[in-house]
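# Inside the fold
Listed here are the chains, written in short residue letters.
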Amino acid sequence: MTGKMEYLTFFNGHKMPILGLGTAQTLGDDVEKVIDAALEIGYRHIDTAQRYNNEAQIGRALKKWLDSGKIKREDLFIVTKLPLTGNRAECVEKHLKQSLHDLQLDYVDLYLVHNPVGFYDVDPKDNGKKMVPDMNTDHVSLWKAMEAQVDAGRTQSIGLSNFNSRQVKRIWQSARIKPANLQVELHVYFQQSQLRAFCRALDVTICAYIPLGSPGARPPGLTANTVNASKQPKRDQLTNPVVSQIAQKYGKTNAQVLLRYIIQLGVAAIPKSTNPDRLHQNFDVFDFELSPEDMDMLERLDKGPAGRQVRGYIPGMENHPEYPYSERY
Ligand SMILES: NC(=O)c1ccc[n+]([C@@H]2O[C@H](COP(=O)([O-])OP(=O)(O)OC[C@H]3O[C@@H](n4cnc5c(N)ncnc54)[C@H](OP(=O)(O)O)[C@@H]3O)[C@@H](O)[C@H]2O)c1
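Throughout, a residue's number is its position along its own chain's written sequence, starting from 1. In keeping with the model being predicted, local features are shown solely for residues with a pLDDT of at least 70 and side-chain atom pairs are shown and tallied solely at 80 or more, while totals for entire chains, interfaces and linings include all residues. Only hydrogens and water are removed before side-chain values are computed, so all heavy atoms of the structure are retained for them.

Numbering of helices and strands starts at the N terminus; helices are DSSP runs of H or I of at least 4 residues and strands are runs of E of at least 2. Counting through the fold element by element, V79 comes out in strand β5 (residues 77-82). Residues contacting V79, with those up to four places away along its chain left out, are M16, H45, I46, D47, T48, L110 and L112. Note on definitions: a residue-residue contact is assigned when non-hydrogen atoms from the two residues lie within 4.5 Å.

Tracing the sequence through the fold places E322 in the segment after α11 (292-299). The residues contacting E322, other than those within four sequence positions of it, are P116, V117, T137, H139, R166, Q167 and R170.

A separate point is the packing of helix α8 (residues 241-250) against α11. Remark: α8 packs on α11, axes separated minimally by 10 Å, with the N-to-C direction vectors making an angle of 160°. Looking at the two axes, α8 sits roughly antiparallel to α11. By crossing handedness, the relation of α8 to α11 is classed as left-handed. Residue-level inspection shows V242, V243, Q245, I246, K249 and Y250 of α8 in contact with α11, the latter providing D294, M297 and L298. Each residue belonging to the contact of α8 with α11 can be placed in one class, and the counts come to six nonpolar, one polar and two charged. Between N-to-C directions, angles span 0 to 180 degrees; the directions come from axes that are lines fitted to C-alpha atoms, helices contributing only their stretch in contact. Any angle that falls under 35 degrees is termed roughly parallel, while one over 145 is termed roughly antiparallel, one within 65 to 115 roughly perpendicular, and all others oblique. The hand of a helix crossing depends on one turn: near helix anticlockwise from the far one by less than a right angle means left-handed, and clockwise means right-handed. Gly counts as polar in this scheme, as do all residues outside two lists: the nonpolar Ala, Val, Leu, Ile, Met, Phe, Trp, Tyr, Cys and Pro, and the charged Asp, Glu, Lys and Arg.

Turning next to the pattern of salt bridges. Each reported salt bridge corresponds to a side-chain nitrogen of Lys or Arg within 4 Å of a carboxyl oxygen of Asp or Glu. The full count for this structure, using the stated rule, is 16 salt bridges. For R170, the salt bridge goes to E322, with nearest N and O atoms at 3.2 Å. Residue R170 is located in helix α5 (residues 165-174), and its partner E322 is located in the segment after α11; the two are separated by 152 residues in the primary sequence. Its relative accessible area of 29% is what places R170 among the partly exposed residues. The closest approach of N and O atoms between D287 and K252, which form a salt bridge, is 2.9 Å. Here the residue D287 occupies a position in the loop between α10 (276-283) and α11, and K252 occupies one in the loop between α8 and α9 (254-264), the gap between them amounting to 35 residues. Each residue is placed in one exposure class: buried if its accessible area under a 1.4 Å probe, protein chains only, is under 20% of its type's maximum, exposed if it is over 50%, and partly exposed if it falls in between. A relative accessible area of 13% means that K252 is categorised as buried. Several salt bridges share partner residues, and in doing so they unite E93, K97 and R154 into one network.

The subject of this paragraph is α11. By the burial criterion, the buried members of α11 are D294, M295 and L298. Down the axis of α11, the buried set is contained in an arc of 105°. They therefore lie on one face. Opposite the packed face of α11, turned more than 90 degrees from it, sit the exposed residues P292 and E293. Taken together, the buried residues of α11 touch α8 and α9. The reported arc concerns the directions from the helix axis to the C-beta atoms and nothing else.

Turning our attention to a nonpolar patch on the surface. Excluding any residue in a salt bridge, patches collect residues exceeding 30% relative accessible area, merging like charges within 9 Å and nonpolar Val, Leu, Ile, Met, Phe, Trp and Tyr side chains within 5 Å. Values of accessible area rely on a 1.4 Å probe in the Shrake-Rupley scheme; residue burial ignores everything except the protein chains shown. Together, Y120, V122 and V132 give the surface a local cluster of nonpolar side chains, amounting to about 260 Å² of exposed area. Residue Y120 is classed as partly exposed on the basis of its relative accessible area of 39%.

The next subject is the sheet that holds strand β9 (residues 155-161). Taken together, the eight strands give an open sheet; going across it, the order is β3-β4-β5-β6-β9-β10-β11-β12, and neighbouring strands pair in parallel fashion. In the strand order of this sheet, the two ends are held by β3 (21-22) and β12 (268-269), each with one partner. In this description, strands pair whenever DSSP reports at least two bridges between them. Direction of pairing for β3 relative to strand β4 (residues 45-47): parallel, over a ladder of two bridges. Counted as the bridge partner of G22 is D47 from β4.

This is the structure:
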C-alpha cells in the first residue's frame, strides 16, 4: 500500500482504522485464508458478528498471527456484535463471553448492539435460524448491560448498529458510557447526510456498511426489502458512469473512488471481499484525495431514502415497536 491509514478518534480516545474488512458471508475455509491475506496486506480493523457464524475461524487466524509475534493485540481493531436474540440485559454478558471465546481474545475493541429489534431464539441450538420477535425490547436496560462489559474489560468501546436517530438519542441521553460508533448502511446512493450531522453533534462516529452497495449475490433473506422486486433499489454503484469518469481521472478503480468518498466524509468503511486482488484494491485508497469538485459530483448521486437497501430481512421485524427503518433517519 502507498499512503497511510487514517483513523477515527472516539470520544474516549480510542482510535478506529477508517478502513476495515467486512466479513458477513465469508464462511468456511475462506475465512482463515481471507483473514491471513488481509492481515498480510495491512488490514487491522476486522468487522464480524455472532450472526455471521465465522468468529471461531477468525479467532484461529488471529491466534496464529498473535502467537507468531508478527502482530500485537494493540495493533488490531476487532469489532463484533450482540445478536438480535441477545437484545435483553441478562443476555449481553453471555453473548460477549461466547464471542471472546470463539475469537480467542480477552477483549474486543468495539462491541455493537447489532439491531434495535429484539428476538427470542426458538431453538437455541440452531444459531438464530428460527426466532420470534420480543416485543418488549428495552434499550435503556440493554445499554446498562453493555456498559457493564466496558467496566469488566471485555470491550474497550460500545456502540450501535441499525439504530435510527431517535433510538441513538435515547441511549445517548441515558448513558453513563456513551456510544462511540454507529454502524449503518451508507454508500454513494444512500449517503445519510442527516444522520451524519446528527451523530457529529453527539460525537458518535459512523461506520458504513455495504460501502460498495453490496453488488454480489446475497442470501434470499438479505435482499428482501419487503417491497416487490421491481422496486428494489439499484446496486450499480460500481458501474455508475460518474464514478467511472472520476476513477479514470485518478487512475483508480471505481471501488477505490467509492471507498475514498466515504473516507473523505469522515466515515469508516468495511468493504467485504474474499478475492485477494480486490482485498488489495480496497485497501489501497490512501494515496489520493478527491477534489472538492469530484466530492460534489459524487454527493449528487445520493438517492436519499430511495437508495436504502436494507430494511429488515427477518420475518416479523417490521411489526416490532423498535423497527428502525420507517423513519427518515
Ligand atoms: N451491521 C449490519 O447490520 C450489517 C449489515 C450488512 C453488512 N454489514 C457489514 O458490512 C460488510 C460489507 O457489506 P457487504 O459485503 O454486503 O457489501 P460491500 O462490501 O459493499 O460489497 C461486497 C461485494 O462486493 C464485491 N467486491 C468487493 N470489493 C470489490 C471491488 N474492489 N470491486 C468489485 N467488487 C468488489 C464482493 O465480492 P468478492 O468477495 O468476490 O470480492 C462482494 O460481492 C459486511 O461484510 C459486514 O461486515 C453489517
